[in-house]
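# Architecture and fold: a report
Given next are the chains, with one letter for each unit.
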Amino acid sequence: MTVIPNEERKTLILTGASRGIGHATVKRFSSAGWRVITCSRHPFPENCPWEAGPEDHIQVDLSDSKNTLDAIGEMRDRLKAQGSRLNALVNNAGISPKSEDGNRLGTIEMEVKDWQWVFQVNFFAPVMLARGLLEELSAAEGAVVNVTSIAGSRVHPFAGAAYSTSKAALASLTREMANDFAPHGVRVNAISPGEIDTAILSPGTDKLLEEIPMHRLGTPEEVAKAIYFLCTDQSSYVNGAELHINGGQHV
């Protein structure tokens, strides 16, 4: 990894960093010399593959608005050492509750409290984080990337109704944020992954390969590359976009 002076080092804050796409994103940015502040519900796992992980990890329950606000305060404190600049915020955390037998929960079965839980994590937490860190993002002319989903635009066999509608709302929020944050020098975009080969794939996902023109699952590394693109100068005039990463499944 390239050694960069602390005052010039770029910084990423990433939620949902404990597995899958989050792991791959940490590795992609770390390999480019970025400092990565990771956030998840869990303590920093011992087997994580990047350096400086334990001291740059924040344990936060995004379903709890007060805990989220407290975490934002801690993030701002940690950024002060680098002149209070934040180059990128990636809202990757998301939850999709299942029924006791592992099936998706539709609009009829889902309890209202569970709808609220899902929307707090998948929709409201990204709003809170981006607003709470706007000053630091603006100082770096940074970028925000929201992770939506192919389930946000179609009924999905595994993703529940609350998850799907929260991701559709997040896609709409991305457009609104792109309009509101741009005058502050901050770009806001989204990525919309399809079927990605992670440890949390639902049984039967292999049957969906017939719907994908490329006839394979995507990899977390492929998603991480797209996130990196949207956080760097390579995408300096991209704002308010939703990049589909699904092998053509949406066409």
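Residues numbered from 1 in each chain as written. Predicted model: local features only at pLDDT ≥ 70, side-chain atom pairs only at ≥ 80, totals over all residues. Heavy atoms only, no water.

If you look the protein chain up in an unreviewed UniProt entry, it shows as 3-oxoacyl-[acyl-carrier-protein] reductase FabG from Methyloligella halotolerans. The UniProt entry for the protein chain carries the following text under Sequence similarities (unreviewed entry): "Belongs to the short-chain dehydrogenases/reductases (SDR) family." (UniProt positions renumbered as here; feature names shortened; annotations may be inferred.)

## Structural notes on unusual backbone geometry
Look at S84: it is not a glycine, yet its phi comes out positive at around 55 degrees. Mapping S84 onto the fold places it in the loop between α2 (65-79) and β4 (88-91). Residues other than glycine seldom take positive phi values, yet H215 does so here, at roughly 55 degrees. Within the element layout of this structure, H215 appears in the loop between β6 (187-193) and α6 (220-231). (Helix = DSSP H or I, 4+ residues; strand = E, 2+ residues; numbered from the N terminus.)

## Observations concerning the nonpolar core
Of all hydrophobic cores here, the largest spans 36 residues; its most connected members are I13, M75, L89 and L133. Going through the elements one at a time, β2 (35-40), α2, α3 (112-132) and α5 (161-181) are the ones with two or more residues in this core. Here M75 is in contact with I13, C39, I58, L129 and L133, once residues within four sequence places are set aside. L14, W34, V145 and I227 belong to the second largest nonpolar core, which has 21 residues in total. (Core = buried A, V, L, I, M, F, W, Y, C linked by side-chain atoms within 4.5 Å. Buried < 20%, exposed > 50% of the residue type's maximum accessible area, 1.4 Å probe, protein only. Contact = heavy atoms within 4.5 Å.)

## Concerning the environment of N103
Along the chain, the position of N103 falls in the loop between β4 and α3. Residue N103 is classed as partly exposed on the basis of its relative accessible area, which comes to 43%. Distance from N103 to A159, taken between C-alpha atoms, is 8.8 Å for residues 56 residues apart in sequence.

## A closer look at α6
Residues three or four positions apart in an α-helix share a direction because the helix packs 3.6 residues into each turn. Along its 12 residues, α6 runs 17 Å from first to last C-alpha, staying within 8% of the 16 Å computed at 1.5 Å per residue. Along α6, the residues classified as buried are P220, V223, A224, A226, I227, Y228, L230 and C231. In this structure, the buried residues of α6 make contact with α1 (20-31), β4, β5 (143-147), β6 and β7 (242-245). (Expected span 1.5 Å × (residues − 1).)

## Topic: the packing of α1 against α6
It is the contact of α1 with α6, at a shortest axis distance of 8 Å, that shows an interaxial angle of 55 degrees. Between α1 and α6, the angle is such that the two are oblique. Of the two elements, α1 crosses α6, and the hand of that crossing is right-handed. Each of G20, I21, A24, T25, K27, R28 and F29 in α1 lies in contact with α6, whose residues at this interface are P220, E221, V223, A224, I227, Y228 and C231. Counted by class, the contact of α1 with α6 contains nine nonpolar, two polar and three charged residues. (Axes fitted to C-alpha atoms, helices over the stretch in contact; angles between N-to-C directions. Parallel < 35°, antiparallel > 145°, perpendicular 65-115°, else oblique. Left-handed = near helix turned anticlockwise from the far one by under 90°. Nonpolar A, V, L, I, M, F, W, Y, C, P; charged D, E, K, R; others polar.)

## Thoughts on the side chain of S235
Assignment of secondary structure puts S235 in the loop between α6 and β7. For S235, a relative accessible area of 0% corresponds to the buried category. At 3.3 Å, the side chain of S235 and the backbone oxygen of L230 are in polar contact. When neighbours within four sequence positions are excluded, S235 is seen to be in contact with R187, F229 and L230. (Polar contact = N/O pair within 3.5 Å; in protein donor to acceptor, adjacent residues only side chain to side chain.)

## Some details on the environment of V238
Tracing the backbone through its elements, the reader meets V238 in the loop between α6 and β7. Excluding its chain neighbours within four sequence positions, the residues that come into contact with V238 are R187, N189 and L230.

## Describing the sheet that holds β7
The seven strands are arranged β3-β2-β1-β4-β5-β6-β7 in an open sheet whose pairing can be described as parallel. The sheet terminates laterally at β3 (57-59) and β7, the two strands that pair on one side only. Put simply, the sheet's adjacent strands are angled 15 degrees from each other on average, direction ignored. Where β5 lies against β6, five bridges are found, and the strand directions are parallel. By the bridge assignment, N146 is partnered in β6 with A190. (Pairing = 2+ DSSP bridges.)

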